Amino acid sequence: FGSITEWYYRWLAGIRPDPAFPGFREFILAPSVPAGLDAVQCTYRSPFGNIISNWKKLDQKTVRYELAIPDGSRARVSLPLNSDQRISMIQKKQENAIPVQVEDIQSGCFMLEAGKYYFTVSPAP
């Protein structure tokens, strides 16, 4: 079942190594959200710690993502986004830290440093 597991990690969760940065020092997070599937929960144990890529459809036009990047690494993120949608983000760097909300990450492609993040892709107001 190796190829099915690889498909799950690489395509549904979108966790992919970057050949320029061996050992997941830098990696790609590009989850896919196919029709007919409502949620994915995925944890990958990298040499730096757990990489988390979870997503859940809240309704037909809204998806919530939970991403975690371990200390010592960073991720190039690419979230599926239509021109009529927006992204909002909440970052949580430490367990007891107060989340900071950042708006307007509208390209859907950006870098994330180590930490835990929550994104919502939803229709633009």
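Below you will find a few notes about this structure. Bear in mind the structure is a predicted one, so any value in this text is a computation, not a measurement. (Residues numbered from 1 in each chain as written. Predicted model: local features only at pLDDT ≥ 70, side-chain atom pairs only at ≥ 80, totals over all residues. Heavy atoms only, no water.)

## Structural notes on unusual backbone geometry
Phi is positive for F24, close to 65 degrees, though the residue is something other than glycine. If you trace the backbone, F24 turns up in the loop between β1 (15–17) and β2 (26–29). (Helix = DSSP H or I, 4+ residues; strand = E, 2+ residues; numbered from the N terminus.)

## A look at the pairing of strand β6 (residues 62–69)
The buried fraction of β6 is high, at seven of eight residues. Strand direction decides the pairing type here: strand β5 (residues 49–59) and β6, joined by seven bridges, are antiparallel. If you follow I52 over to β6, its bridge partner there is A68. Linking two consecutive strands that pair antiparallel, namely β5 and β6, is a turn of two residues. (Buried < 20%, exposed > 50% of the residue type's maximum accessible area, 1.4 Å probe, protein only. Pairing = 2+ DSSP bridges.)

## Quick look at the packing of aromatic side chains
Within this structure, the stated rule accounts for six aromatic pairs. Ring geometry for Y9 against Y44: centres 5.5 Å apart, planes inclined by 80 degrees, an arrangement best described as edge-to-face. Placement of the pair is Y9 in helix α1 (residues 2–12) and Y44 in strand β4 (residues 43–46), with a sequence separation of 35 residues. Where F24 meets Y44, the ring centres are 4.9 Å apart and the plane angle is 40 degrees; that geometry is what we call tilted. A residue pair is termed long-range when its members are at least 10 positions apart, and F24 in the loop between β1 and β2 and Y44 in strand β4 qualify at 20 residues. (Phe/Tyr/Trp six-rings, centres within 6.5 Å; stacked < 30°, edge-to-face > 60°.)

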